[in-house]
Amino acid sequence: MTGADGLSSLRFAPIASASMDSGPNIESSIAARVFAFPQKHLIGVAGLSRSDALALLDFADALVAVNRQMDKKLGLLRGRTMVNLFFESSTRTQSSFELAGKRLGADVVNMSPRTSSMTKGETLIDTAVTLNAMKPDLLVVRHASSGAASLLSQKVSCSVINAGDGSHEHPTQALLDALSLRRAFGDVEGLKVCICGDVLHSRVARSNVLLLQTLGAHVRLIGPPTLMPSGVDRWGVEVSHDMRHGIEGADVVMMLRLQLERMQGAFVPSVREYFRFFGLDREKLARASPRVKVMHPGPMNRGVEIESGVADDPEISLIQDQVEMGVAVRMAILASLARRLENAQ
């Protein structure tokens with residue numbers, strides 16, 4: 001099934017446990033669930049329909065069971081070459097993509113621009129042309145400039161996955177967040193989700209707003225006026241500058257990292273003042289729904305965006321679950337994009 005219409009009817013049942021279905025059987029079961037991604041590249045959530053997103057989440061959900069087995073190896077990408085090209089520092093995202101590629105059987109190459117020809121004056125396009133000549137199948141890119149992933153996708157013949165470009169988008173983070181929410185609540189539709197903090201500099205916020213709205217959630221952005229992007233009134237979401245009032249009745253409170261490295265000027269008086277008004281603690285969280293869950297894309301600044309007691313509470317925190325879901329979602333994306341390649345079997 002390759003089109004949106006075909007994907008709309010595609011729902012995956014949970015995969016059997018390892019004790020009942022293992023080895024070649026489980027790989028055959030997973031292989032039968034792979035669908036061809038509707039686009040050649042994953043640059044942003046904006047290009048995903050509701051049916052596409054649901055099918056991808058269903059596939060990723062099935063892969064969670066694989067990642068919890070002792071033998072996590074599949075051969076879906078055997079013979080494929082995947083390149084991680086990260087122009088910004090990353091621990092979680094790069095490690096997650098690397099694990100995803102290796103668990104699917106791909107040959108994974110991590111390239112560091114800090115030790116490449118980029119330091120000698122090579123442009124992004126030069127790098128793209130060079131990489132393309134090496135015939136990779138999948139290219140994962142993170143860059144500080146918005147639009148960099150889209151530019152690369154126009155210069156290479158392989159599939160490009162955007163792992164975060166400037167303040168534009170971070171589609172795989174939004175997808176893993178949606179999977180975490182679906183597993184916690186059963187469905188994303190109807191959830192009241194509050195995204196709080198540095199919205200201005202956050203690609204995570206942009207991708208989550210787009211995907212959550214597509215999946216039927218009600219989204220509210222919370223933060224100081226200085227950390228809200230211009231034109232946010234056209235995003236189709238509620239906006240609040242009062243954290244205590246804003247999270248009343250929220251099912252989900254998603255905190256964002258205060259990105260001080262992207263700030264040129266005084267966006268907040270001090271981190272201490274920021275936590276007082278916009279940091280998540282027990283007192284503010286008490287105003288949310290009794291079933292509230294807390295999320296953070298990481299890395300966390302404890303005592304700045306979120307109190308440790310809240311972040312580490314297993315009853316309400318989905319933060320570690322987000323990390324686990326990240327591997328499954330990225331496996332699903334890589335396998336689905338590879339199925340679309342011209343030389344796919």
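The following paragraphs examine the structure supplied in this document. (Residues numbered from 1 in each chain as written. Predicted model: local features only at pLDDT ≥ 70, side-chain atom pairs only at ≥ 80, totals over all residues. Heavy atoms only, no water.)

Right, let's talk about the sheet that holds strand β8 (residues 252-255) for a bit. The strands making up a sheet are joined through hydrogen bonds of the backbone, oriented either antiparallel or parallel. The parallel open sheet is built from 5 strands, whose spatial order is β7-β6-β5-β8-β9. Among the strands making up the open sheet, the edge pair consists of β7 (238-240) and β9 (293-295). Recorded for the sheet is a direction-independent mean angle of 20° between the axes of neighbouring strands. Alignment of strand β5 (residues 192-196) against strand β6 (residues 218-222), held across 5 bridges, turns out to be parallel. Each residue of the ladder has a partner; that of K192, found in β6, is H218. Along the sheet, helix α7 (residues 171-185) contacts β8 and β9; its crossing angle with β9, the most-contacted strand, is approximately 165°. Sheet strands touched by helix α8 (residues 203-214): β5, β6 and β8. Its angle to β5, the strand with the most contacts, is close to 170°. (Pairing = 2+ DSSP bridges. Helix = DSSP H or I, 4+ residues; strand = E, 2+ residues; numbered from the N terminus. Axes fitted to C-alpha atoms, helices over the stretch in contact; angles between N-to-C directions. Contact = heavy atoms within 4.5 Å.)

Before going further, it helps to spend a moment on the environment of R80. Relative to the helices and strands, R80 resides in the loop between α3 (50-67) and β1 (81-86). A C-alpha to C-alpha distance of 7.9 Å links R80 and G105, two positions 25 residues apart in sequence. One polar contact links R80 to D137, side chain to side chain, over a distance of 3.2 Å. (Polar contact = N/O pair within 3.5 Å; in protein donor to acceptor, adjacent residues only side chain to side chain.)

You can see V253 is positioned in strand β8. In this structure the C-alpha to C-alpha distance between V253 and H296, which are 43 residues apart in sequence, comes to 8.6 Å.

The next subject is helix α13 (residues 319-340). For α13, which comprises 22 residues, the first-to-last C-alpha distance of 32 Å matches the rise-based estimate of 32 Å (1.5 Å per residue) to within 8%. A maximum bend of about 25° is found in α13 at M325. Among the 22 residues of α13, 16 are classified as buried, and the element is accordingly described as predominantly covered. (Expected span 1.5 Å × (residues − 1). Bend = angle between axes of the 7 residues up to and from the residue. Buried < 20%, exposed > 50% of the residue type's maximum accessible area, 1.4 Å probe, protein only.)

A word on the packing of aromatic side chains. What the rule picks out here adds up to 1 aromatic pair. Centre to centre, the rings of Y274 and F278 are 6.0 Å apart; their planes meet at 35°, and the pair counts as tilted. Placement of both Y274 and F278 in helix α10 (residues 271-278) is noted, with a separation of 4 residues, approximately one turn of the helix. A single burial state applies to Y274 and to F278, both of which are buried. (Phe/Tyr/Trp six-rings, centres within 6.5 Å; stacked < 30°, edge-to-face > 60°.)

Turning our eyes to something else, we now look at helix α5 (residues 124-133). Inspection of α5 places L124, T127, A128, L131 and N132 among the buried residues, and these make up the whole buried set. When α5 is viewed along its axis, its buried side chains cluster within an angular range of 130° and face the same direction. On its buried face, α5 is in contact with β1, β2 (107-111), β3 (138-143) and α6 (148-153). (Arc of directions from axis to C-beta.)

Omega for the peptide link from G298 to P299 comes to -5°, which places this bond in the cis form. Along the polypeptide, P299 turns up in the loop between β9 and α12 (308-311).

With that out of the way, let us pick up the nonpolar core. Counting 72 residues, the largest nonpolar core has L63, I161, L175, L181, I195, L221 and L334 as the members making the most contacts within it. Here this core takes 11 residues from α13, the largest share from any one element. Core analysis: the second largest hydrophobic core is formed by 24 residues, C194, C196, M243 and V294 among them. (Core = buried A, V, L, I, M, F, W, Y, C linked by side-chain atoms within 4.5 Å.)

The next point concerns the packing of helix α4 (residues 92-103) against α13. Any two packed helices are characterised by the angle at which their axes cross and by the distance between the axes. Contact geometry for α4 and α13: axes closest at 8 Å, N-to-C directions at 55°. Taken together, the axes of α4 and α13 are oblique relative to one another. Handedness of the crossing formed by α4 with α13: right-handed. Contacts from T93, S96, F97, L99, A100, G101 and R103 of α4 reach α13 at G326, V327, R330, M331 and L334. (Parallel < 35°, antiparallel > 145°, perpendicular 65-115°, else oblique. Left-handed = near helix turned anticlockwise from the far one by under 90°.)

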